[in-house]
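Per-entry structural report
Read off the chains here:
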Amino acid sequence: MRTSKRSLAMQASPIRKLVPYANAAKARGTKVYHLNIGQPDIETPKVFMEAVRAADIDVLAYADSNGWEPLRESIAAYYQRMGLPYVTEDVIITNGGSEALQWALLIACDPGEEVLVPEPFYTNYRGFAAPYLVEISPITTYPENGFALPEKAVIESRITKKTRGILLSNPGNPAGVVYTAEEVRMVADIARENDLYIIADEVYREFCYDGKEATSFGTMTDVLDRIIIIDSVSKRFSACGARIGSLTSKNKEVMAAALKLGQARLCVPTLEMIGSKALYDLDPDYFAPIRARYEERRNILVDALQKMDGVLCETPGGAFYAVAKLPVDNAEKFAIWLLTDFELDGKTVMLAPVENFYQTPGMGVNEARVAYVLNSDDLKEAMRVLKAALEAYPGRTA
Ligand SMILES: Cc1ncc(COP(=O)(O)O)c(C=O)c1O
């Protein structure tokens, strides 16, 4: 039996495909510092499990396809606290931000149509687009200027008859870029003038450093009908395993299409929605100490990387990732070598090669994404190990 061309065309996640090498290293007794995956070590707020335990349910029935209404209300209230105009009817609950992203692409594009995406981008966008035969048309951004968006004319030159939208994450994964208010405005103008959707992935919204804030696309009131906001409890509340996200839009046709998709998969798990409501009801002050912890870690990581010979790493403004250009022939080969051939005092590190976070062939070959989701001591030790590894690597280039 054959499998379909589209299933064969899907990539294995570059974040996870090196896991067998890491498992083998661990089986040999090597400690592996996971800098490859955005799994925060921050404790999930206790209110989540408390709400789940307090749930008194006789029959664990199907929930509504658009989600448990009290959770939708709490998400709308969360947006309103930020000054965004969303109400309960504008919010539909999804299985993680991942499902919301798949739906947004499916709703915006027919097979063969495309979305513009600044690259490097969250690599799973490829996995979301490919099954629906949606093309990703990359807008290349560069480490040398902090992965800023190019000028309006450059972006517009990429628009074709097949272009249906712009998809971007802000703050961004993998480079931690936080777009300026002017960049957000520019994207809104491009969308309005060229009849495009904006799929705004804002799952890292609260994680901005140096006193900066991310401008939500929800503040672009003249284009609200074009905007689809993607959100998730995974990173915001360190609740990745809950698999609760949401798609939010003022566009009634988009919401009607999303509801049909929701009905086709029936519903999202009830207990996870009950726990997630308690998360969205948390006082906004919850974020300040978490942000401070991530900022401290970012500083440790970036200081260490910037001091390593031949490494280029711009200081990221948000999320919990940085992209580092490494003095190696190939970052994937280096990442595998770290797991198969290297250890320092019984320890090694796992990185995510960035090549597949780019759509343009040949880009990012010697770049790796480093997630700063470990505590400060582990991060310092991981950087000591990485420095020694770069010095010892046979494929070193500079
Ligand atoms: C930018 C971005 N969007 C969406 C997601 C998906 O998150 P989830 O499906 O866990 O909500 C991630 C996860 O890493 C991400 O980094």
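Reference entry: report on the structure contained in this document.

Some details on unusual backbone geometry
Residue Pro 171 follows Asn 170 across a cis peptide bond; omega there is -5 degrees. Within the element layout of this structure, Pro 171 appears in the loop between strand 5 (163-169) and helix 8 (181-194). Of note, the amide linkage connecting Asn 173 to Pro 174 takes the cis form, showing an omega dihedral of 20 degrees. Tracing the backbone through its elements, the reader meets Pro 174 in the loop between strand 5 and helix 8. The backbone of Arg 243 shows a phi angle near 55 degrees, a positive value even though the residue is not glycine. Examined against the element boundaries, Arg 243 turns out to sit in the loop between helix 9 (233-236) and strand 8 (244-248). Since its relative accessible area comes to 34%, Arg 243 is described here as partly exposed.

Comments concerning the sheet that holds strand 12 (residues 367-371)
Remark on secondary structure: sheet strands pair via backbone hydrogen bonds, oriented parallel or antiparallel. Ordered by their spatial adjacency, 3 strands build an open sheet running 9-12-11, and the pairing between neighbours is antiparallel. Pairing within the sheet leaves two strands with one partner each, and these edge strands are strand 9 (321-325) and strand 11 (352-353).

Examining the packing of helix 3 (residues 47-54) against helix 11 (residues 270-280)
Axis separation between helix 3 and helix 11 bottoms out at 8 Å; the angle between their running directions is 135 degrees. Here helix 3 is positioned oblique relative to helix 11, judged by the angle of their axes. Two packed elements cross with a definite hand, and for helix 3 against helix 11 that hand is right-handed. Listed contacts from helix 11 to Val 47, Phe 48, Ala 51 and Val 52 of helix 3 are Leu 271, Glu 272, Ile 274, Gly 275, Ser 276, Ala 278 and Leu 279. Along the lines of polarity and charge, the residues of the contact of helix 3 with helix 11 split into 8 nonpolar, 2 polar and 1 charged.

What counts and how
Residues numbered from 1 in each chain as written. Predicted model: local features only at pLDDT ≥ 70, side-chain atom pairs only at ≥ 80, totals over all residues. Heavy atoms only, no water. Helix = DSSP H or I, 4+ residues; strand = E, 2+ residues; numbered from the N terminus. Buried < 20%, exposed > 50% of the residue type's maximum accessible area, 1.4 Å probe, protein only. Pairing = 2+ DSSP bridges. Axes fitted to C-alpha atoms, helices over the stretch in contact; angles between N-to-C directions. Parallel < 35°, antiparallel > 145°, perpendicular 65-115°, else oblique. Left-handed = near helix turned anticlockwise from the far one by under 90°. Contact = heavy atoms within 4.5 Å. Nonpolar A, V, L, I, M, F, W, Y, C, P; charged D, E, K, R; others polar.

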